[in-house]
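What the coordinates show
If you want the building blocks of each chain, they are given just below.
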Amino acid sequence: AETNNKGQTSLEIPGEDLEVAGNYSLAAAYKTLRTEFSVSQNFDVLAAEPDLTHSRIYFSSSVLQPDQSSIMSVLLEDAFGNPVEGHLISIVPDSSAVQVFTSEFGTNEKGQISFSVLGNGDGVVQMHIFDSTLGQMILGPTQLALKGGPAVNDSVMLAESGPVDGFVISGLDSESLAGKDLS
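Just so we're clear, the structure is a prediction, and the values are computed from it rather than from any experiment. (Residues numbered from 1 in each chain as written. Predicted model: local features only at pLDDT ≥ 70, side-chain atom pairs only at ≥ 80, totals over all residues. Heavy atoms only, no water.)

1. Side note on the overall build of the protein
Using the following cut-off: Helix and strand assignments follow DSSP, with helices taken as H or I runs no shorter than four residues and strands as E runs no shorter than two, numbered in order from the N terminus. Residue burial is assigned from relative accessible area. The probe radius is 1.4 Å, only protein chains are included, and a residue is buried under 20% of its type maximum, exposed over 50%, and partly exposed in between. Any pair of residues with heavy atoms lying within 4.5 Å of one another is described as a contacting pair.
Per the secondary structure count, the protein includes 1 helix and 10 strands. By the burial criterion, 23% of the 183 residues in the protein qualify as buried. A separation threshold of at least 6 residues defines the contact pool for the protein, and within that pool the share at least 24 residues apart is 55%.

Following this line, the structure appears as structure tokens:
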């Protein structure tokens, strides 16, 4: 940036240069001498709101035997893959046959929170994920199978979902146009 007659200037940092959350440092320097002449100033770039196309749910086991537990982990990331810290997450099962416990307060610095899930009974339970920070349901519902007796077959409980009926592509820049090749 060039200074005006008062020795002042401003610089706009393009948004794509600050997509990765973290602590950054900025100092003025002479372009030709490449030596700094100002004190470095630090600033933080924070993760944005969770992007549901980047966030995930993981189970240690998605089929529970009687009195067995499973670990259910929720990972929140923004559109740039930055972990989203400090979101208050709760799990709401649609059946009283499932109990959910956690000792964690919110998503950690890696954007994760884990729950212990206990279940008794037979059938499939819908697990709804509620983000109190956003005040809405997110990432779900997801399913957990309970195998309380011989009536439930593992192969049925682990069946894949049906065929994909569409795709949602997000995060494209303003240069992306329909019909234009992209990599």
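2. Quick word on the environment of serine 96
By the element assignment, serine 96 lies in the loop between strand E6 (89–93) and strand E7 (98–101). In the structure, serine 96 is positioned 23 residues away from glycine 119 in sequence and 8.7 Å away in space, judged by C-alpha atoms.

3. Brief notes about the packing of aromatic side chains
Operational definition: Geometry of aromatic contacts follows a simple scheme: Phe, Tyr and Trp rings, the Trp one being its six-membered ring, pair when their centres are within 6.5 Å, and the pair is stacked under 30 degrees between planes, edge-to-face over 60, tilted otherwise.
What the rule picks out here adds up to 1 aromatic pair. On the basis of an interplanar angle of 20° and a centroid distance of 5.8 Å, the ring pair of tyrosine 24 and phenylalanine 43 is categorised as stacked. Linking tyrosine 24 in strand E1 (residues 22–26) with phenylalanine 43 in strand E2 (residues 41–45), this pair joins segments that are 19 residues apart in sequence. Residue class for tyrosine 24 comes out partly exposed when judged on its relative accessible area of 23%. On the basis of relative accessibility, which here comes to 27%, the residue phenylalanine 43 falls in the partly exposed class.

4. Concerning the sheet that holds strand E8 (residues 112–119)
Adjacent strands of a sheet form backbone hydrogen bonds with each other and so pair up, either parallel or antiparallel. The condition that has to hold: The rule for pairing is simple: two strands pair if DSSP sees at least two bridges between them. Angular values range over 0 to 180 degrees, each being the angle between N-to-C directions of two axes fitted as lines to C-alpha atoms, with helices fitted over their stretch in contact.
What the 4 strands build is an open sheet, ordered E3-E5-E8-E7; its pairing is antiparallel. On the outer flanks of this sheet lie strand E3 (56–59) and E7, each paired with one strand and no other. Averaged over all pairs of adjacent strands, the angle between their axes in this sheet comes to 25°, without regard to strand direction. Note: E3 against strand E5 (residues 69–75), 4 bridges, orientation antiparallel. Looking at E5, one finds that tyrosine 58 is bridged to serine 73.

5. A short note on the sheet that holds strand E10 (residues 136–146)
The mixed open sheet is built from 4 strands, whose spatial order is E4-E10-E9-E6. In this open sheet, the two strands that pair with only one neighbour each are strand E4 (63–64) and E6. In the sheet, strand E9 (residues 123–131) pairs with E10 via 8 bridges, with the strands oriented antiparallel. Looking at the pairing, valine 124 lines up with alanine 145 of E10.

6. Considerations on the side chain of aspartate 131
Condition: The charge count treats Lys and Arg as positive and Asp and Glu as negative. His and the chain ends do not count. By definition here, a salt bridge exists when the distance from a side-chain nitrogen of Lys or Arg to a carboxyl oxygen of Asp or Glu is within 4 Å. Identification of polar contacts relies on pairs of N or O atoms within 3.5 Å, with a donor-acceptor requirement for protein atoms, meaning one able to donate a hydrogen and the other able to accept it, and with residues adjacent in sequence counted only if both atoms are side-chain atoms.
Of note, aspartate 131 is situated in strand E9. For the buried aspartate 131, no salt bridge exists, and the shortest N-O distance to an oppositely charged side chain is 14 Å, to arginine 56. Engagement of the side chain of aspartate 131 in a polar contact is seen with the backbone nitrogen of leucine 134, the distance being 3.1 Å.

7. Brief notes about the pairing of E9
Inspection of the sheet shows E6 paired to E9 by 5 bridges, in the antiparallel sense. Bridge pairing in E9 links serine 90 to phenylalanine 130. In this structure, the hairpin formed by E9 and E10 is closed by a connection of 4 residues, where glycine 135 is found at a positive phi of approximately 75°.

This is a description of form; function is not addressed.
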